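One-letter residues, chain by chain:
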Amino acid sequence: HEIRCKANRLPEQEICLAGELPNLDGLISVCCIGPSDPEAPSGSLVNIGQGLASKKGKIRQLSTSAPQVNVAKCYRCRRCVRICPTHAISIVKDRVVIDARKCIQCGKCVETAHLGGITYNWNATTEHYDTMVARHAKGALDILGQKVICVNIIVRDKGQGDVFAGGVISHNPVAVDCATADLCEDEGLLSQDPIDRLKRRVRVAELEGVATASYALETVAY
């Protein structure tokens, strides 16, 4: 089940979060940032905003269109027609048709068409993804309050695998990601592209009112 609420900066837009959020006593978000997989989305904002979104919330982050019918794999079993909660799917001239105006991107039809008869086009732009992740992160943090600890573990490539290079910890996921990006840039731990992506998410999160990116580092030797 899920929690549905309105995005503060765009009240007409709905965000969808995991239904168990109010029952949590606390949350520790841990992610690893390093050169081994620089293209992968990473950081505390993504951990919280995407990780705590419901299935529908994740779909809305990654796709901006209704699911598509794969004619070659669709067997017209009509299970998707029966399961669609908004009656967006129908059979027209012996073909399955999805009405994008009625589709709420719940993903139930994709689950039902488990042989690939209905699929999603993961066509979200970087701007759309970052914005939706930020809005879901804000919604989750509004529920959890200060019961969140964010840990970004930074690793560097020594030629024989990644090794621990340091970590950043805070209650504030925006500040943690900002400090992580700055440290990786200052120490040359990542190439510029993933650093720029991390910084871009930080800027979007600030604009969406998630939290401030300002931070003061207190260094602990290890």
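The structure presented is a predicted model; accordingly, all values stated were derived computationally and were not measured.

Chemist: Would you mind going over the overall build of the protein in detail, with residue names and values included?
Modeler: Looking only at helices and strands, the protein features seven helices and nine strands. In terms of overall dimensions, the protein has a C-alpha envelope of 70 × 40 × 30 Å along the principal axes. Within the span of the protein, comprising 222 residues, buried residues form 42% of the whole. For the protein, contacts bridging at least 24 residues in sequence account for 65% of all contacts bridging at least 6. Total accessible area computed for the protein in this model is approximately 12,100 Å², and 52% of it derives from carbon and sulfur atoms. Within the protein, one finds 27 positive and 25 negative side-chain charges whose respective centroids are separated by 14 Å.

Chemist: How would you explain the layout of surface pockets if you had to name every residue and give the values?
Modeler: In this structure, the largest pocket occupies an estimated 650 Å³ of space. Within the residue set of the lining of the largest pocket, elements represented by two or more residues are strand E8 (148-157), strand E9 (162-170) and helix H6 (173-187). Here the residues of the lining of the largest pocket are counted per class, giving 15 nonpolar, four polar and three charged.

Chemist: Can you lay out unusual backbone geometry for me, pointing to particular residues and giving the numbers?
Modeler: Backbone geometry places Arg76, a non-glycine residue, at a positive phi of 55°. Within the secondary structure layout, Arg76 lies in the loop between strand E4 (68-69) and helix H3 (79-83).

Chemist: So what about empty space enclosed by the protein? Which residues, and what values?
Modeler: For the coordinates displayed, the defined rule picks out two cavities of 30 Å³ or more. Contributing to the lining of the largest cavity are 13 residues, with Cys84, Cys103, Ile104, Cys106 and Cys109 lying nearest its centre. Classifying every residue of the lining of the largest cavity gives nine nonpolar, three polar and one charged. When its volume is computed, the second largest cavity comes out at roughly 30 Å³. If you trace the second largest cavity, you find it lined by Leu45, Asp130, Val133, Ala134, Arg201 and Ala205. Counting only elements with at least two residues in the lining of the second largest cavity, the list comes to helix H5 (126-144) and helix H7 (192-207). Element by element, the count of residues in the lining of the second largest cavity is highest for H5, at three residues.

Rules and cut-offs
- Residues numbered from 1 in each chain as written.
- Predicted model: local features only at pLDDT ≥ 70, side-chain atom pairs only at ≥ 80, totals over all residues.
- Heavy atoms only, no water.
- Helix = DSSP H or I, 4+ residues; strand = E, 2+ residues; numbered from the N terminus.
- Buried < 20%, exposed > 50% of the residue type's maximum accessible area, 1.4 Å probe, protein only.
- Contact = heavy atoms within 4.5 Å.
- Areas by Shrake-Rupley, 256 points an atom, 1.4 Å probe, with all protein chains shown as cover.
- Lys, Arg positive; Asp, Glu negative; His and termini not counted.
- Charge placed at Lys NZ, Arg CZ, Asp CG, Glu CD.
- 1 Å grid on protein atoms, 1.4 Å probe; cavity = no way out; pocket = protein on both sides within 12 Å on 5 of 7 lines; lining within 4 Å.
- Points joined across faces, edges and corners; volume = space filled by probe spheres on them.
- Nonpolar A, V, L, I, M, F, W, Y, C, P; charged D, E, K, R; others polar.

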